[in-house]
Amino acid sequence: MQNRHNVPWWYLATLLAANLALLLPNANPLRVTGALILIGLLPGLSWANRFLVDSPALLRWVAAAALSYTITSLTTLLLHYLPGPVYIWQLLVALNAFAILPTVFTSRGAGVQGSRGAIAVAPAPPHPCPPAPMHPCTPAPLHAIPLLLIFAIAIFLRTTNLHYSEFQGDEALAMIAAAEALEGHEDALFLRSKGPGEVLLPMALWRLTGTINESIARLPFTLAALLAIPTMYLIGQAIAGQRAGWLAAGFFAFNGFMVAFGRIVQYQAFVVWFSALAFLMAIQWQATRRRRFAILGGLCLGTGLLAHYDAILALPAILWLCIPSGIVELRPNMRSIKLALNSLVTPSKTILLFLAAFLLASLPFYLPYSLDPQANRTGDYVGARIGNELRNNLPDFFHFNTFYSSSYYIIITSLLVLGFLAWLFWQARWSHWILPILAVAIILAIVVNPNLLAGPEDTLNLTIIPFALLLLGAFLALPAASTWQALIAWLAVPFLGYNFVVALGLTHIYTIVPAWSLLAALSWKQLTINNEQLTMSNLQSSVSNLQPFGHTQDKSPISNLIAYFVPVALLILSTIFLWNAFVRHDIEYWQDFPNGNLLLFWNPYGELPKAGFFGFAHRSGWKAVGQKITDGEFTGDYGSNEEPDVTAWYTRGAPRACDPHPEFYFLADDLIDPIAVPNDVIDSRYEKIGAVTLPNQKQMQIMQQVPSSLALGTVDEAALARRFDWTATPAAFARSARGSLPVEANFGNLALLIGYDLDTRRAYPGGRVPVTLYWQALTQIPTSYQVFTHLESESGPIAQSDGAPVCWTYPTDAWRPGQIIADQHAISLSSDTPPGEYPLEIGLYLPDTFERLDVLDEAGNPAGTSVTLTVVEIGD
């Protein structure tokens, strides 16, 4: 097809094949491929080709994927708002409609039938090849080789052994939310403290593939992390030419955060990619003044915000690109002021279009969410994370970067970024040479002594000042409203915010990586260009005309060798480091640290960061345990040394005990967030009945209370894991159980008790009686009630378990109307408990006054303050 508006046969054939692939068995590789094409490429491909017809092919393909992610996310969100489950036919109708709709418009516009059955339109007017580097007509083959090499290694680092690591806690919570949203839980997305983007894409993929496993669930995030690499290349190319493009892509691709977040079900890959795309679209608008780029930029940033609030950090830089330089420069006369005001018209319309698209993508979730009570809790959570005073998180910044990316990477890139900012500051006409030198000297001193400007305890921490001064000086040294100024703003906002303002930034420093990588690339290019060194005057000329700087011949052969040797050496070192940290699993870098670190990589820290481990290799054998529970071999509650978020996924909601005497203990060698367990109790009251042994010889020990009823020996982890994946449908994970024993008790028109589970196998003196209650909130409960579970006798309770619901973690005033809550309790029996039959009574009371909530009859009249569920027989 000669015209890009044509609908080629391969497009329709691919669309048909992707739909037909969904007829294959669940999780079949071809079915997964078809599902990925349907959610991540085809819905946006024809739109991108229609509206970016004269843009480079690489930009069109990246934009097509981004539009597809946006369409899929919003479509899935809107389908979730409909009553009932999200069905596969609904997704297919919507996604296919978006894929076909532009071709219908094309058909109407053309009015004629093209060759080979394609629908054609009038050809676009010819246009000259735009000036490099914005729209290269024919990219130089030699310059494509580094980018292809970087991308190939990036694919290896992000996809190899993607299936190996089990879900971490945040991943498990996202997947449970996806299951519940697919099954029609209307509050599934609103119970979270962040955006739904990390849930919506797995939802769509899960419904289309039928079942899920770790690698399938992570694929949308892996693809986003990979597509961010050519996006960074396009930004670097637009700013400073092809060499800067592949340098930026390389620094970005081999950052450990970018590898880690491409290997997990988490929002970070989406935030980075869509923020970078929004920035790229703003650059394209600045170069062409075509408003379609503003619309695309708004959609991209809005989709990033759907993933997490971190995306908003790129907004100042993007809006800065939309301001004409004349507006921010001093004007000496009224005529100039009038011209400046007139020049506001186009940018104002552009900003309005950008904001409209931004709101179109983000408001479908955040508008109803802002009206939900969970929004207030999220605000409190975010406020606590931010804090209310300045601080110095730089030690964490360097610790995390060293742990994720290697000391070589952070040292080299830090020096490049610091040097480049200082050079810009130095070149400013208004700046005295002492200012950048002083700022750099203080910064280096702070790196050595983080408390240099901290002051006494509870006083103002001034560590931010030299960093802010350096960034501000570099920013003001550049032409007003330039791409370079926007780039520095893109770095400054998250860097200063998470290092000096936010109380608990942790790995959120990933937000600096795109701008950091670009500045490192520009710095390296500046160090290696021709003897005609770059000056502020020719820099300003190149920036104001959006032309690449440094387009001269290389220096001497030795300089040329150095120019390529250092990036290649860093590429090799980074590849080895990242392979060891994220891909290798015979030795697990994180779990076995410091022994897991290769001797080649010096690490000045003798311990792990205090929190925030994502994407590293780890495996405990949870699928084997989960399948045993599904098969009914492990009946009863359990405890573990692993966090509840992980175990809730792999046990598929099996009851986890609140007390230290569950029926089973599952004790893993590999732990994500360790939970303390009573080792003395386990040693005295439990015996090992089996173990899951992994290929690296790590184990999951399975313990049961004595006398035990099982003897498993060595568990076949591989076979059980396959069976676990085969049955991993959304319904298997949606927490909607109502209990095996139904009941209906209305407590004050506030909550219904709708069912319960009871385990009486150890109902004897010295034993325990676990009971799981299933509550359903009828309305927003204004007060926090506690639950009592009593075994009653004529003289009062002989045993009881009182407390806030769900092991003290989910008070009644946080319950949502209609939500079903599984509430675990265990009534411990003393060794002198008399044998006999005892009624099991349940109720709610206020902890301050012990006033009980009335149980209402069918007419709504008080009928007591407790409900008797059953009679429990205590044996000898």
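Throughout this description, residue numbers start from 1 for each chain and increase along the sequence as written. In view of the model being predicted, local features appear only for residues whose pLDDT reaches at least 70, and side-chain atom pairs are presented and counted only at 80 or more, with totals across whole chains, interfaces and linings using the full set of residues. Side-chain descriptors were evaluated using all non-hydrogen atoms of the structure, hydrogens and water having been removed beforehand.

A. Summary view of the overall build of the protein. Assigned secondary structure in the protein consists of 31 helices and 16 strands. Evaluated residue by residue, the protein yields a buried proportion of 57% over its 876 residues. Contacts are residue-level and defined by heavy atoms, with any inter-residue pair within 4.5 Å sufficient. Partitioning the contacts of the protein with sequence separation of at least 6, the portion at a separation of at least 24 is 75%. Helix and strand labels come from DSSP, where a helix needs a run of H or I of at least four residues and a strand needs a run of E of at least two; each type is numbered from the N terminus. For each residue, the accessible area found with a 1.4 Å probe, counting protein chains only, is set against the maximum for its type, and the residue is called buried under 20%, exposed over 50%, and partly exposed in between.

B. Local environment of the sheet that holds strand β7 (residues 713-715). On the basis of which strands lie adjacent, the open sheet formed by five strands has the order β3-β4-β6-β5-β7 and mixed pairing. Of all strands in the sheet, those with a lone pairing partner are β3 (638-640) and β7, marking the two edges. In this sheet, adjacent strand axes meet at a mean angle of 25° when their direction is disregarded. Whether two strands pair depends on DSSP finding at least two bridges between them. Relative to strand β6 (residues 699-705), strand β4 (residues 664-668) is paired through five bridges, and the arrangement is antiparallel. Bridge pairing links F666 to I702 in β6. Helix axes are fitted only over the stretch in contact, all axes being lines through C-alpha atoms; the angle between N-to-C directions runs from 0 to 180 degrees.

C. Highlighting the state of the cysteines. Working definition: a disulfide is two cysteine sulfur atoms within 2.5 Å of each other. As enumerated under the stated definition, the model contains one disulfide in all. Note on cysteine connectivity: C658 is disulfide-linked to C807, with sulfurs 1.8 Å apart. Here C658 and C807 share a disulfide; its torsion about the S-S bond, -80°, makes the bridge left-handed. One end of the pair, C658, is in the loop between α27 (644-650) and β4; the other, C807, is in helix α31 (residues 805-808), with 149 residues separating them in the sequence. Note on C658: relative accessible area 41%, which makes it partly exposed.

D. Summary view of the packing of aromatic side chains. Planes of paired rings set the category: under 30 degrees apart is stacked, over 60 is edge-to-face and the rest tilted, where pairs are Phe, Tyr or Trp rings (Trp by its six-membered ring) whose centres lie within 6.5 Å. Taken as a whole, this structure holds 64 aromatic pairs when the rule is applied. Consider the rings of F354 and F358, whose centres lie 6.5 Å apart with planes at 5°: the pair is stacked. Linking F354 with F358, this pair stays in helix α16 (residues 345-370), spanning four residues, or about one helical turn. Judged by relative accessible area, F354 falls into the buried class, the value being 2%. Lying over the aromatic face of F51, R50 brings its terminal NZ or CZ to 6.0 Å of the ring centre. Placement of a positive charge over a ring is assigned whenever Lys NZ or Arg CZ falls within 6 Å of the ring centre and within 35 degrees of the normal to the ring plane.

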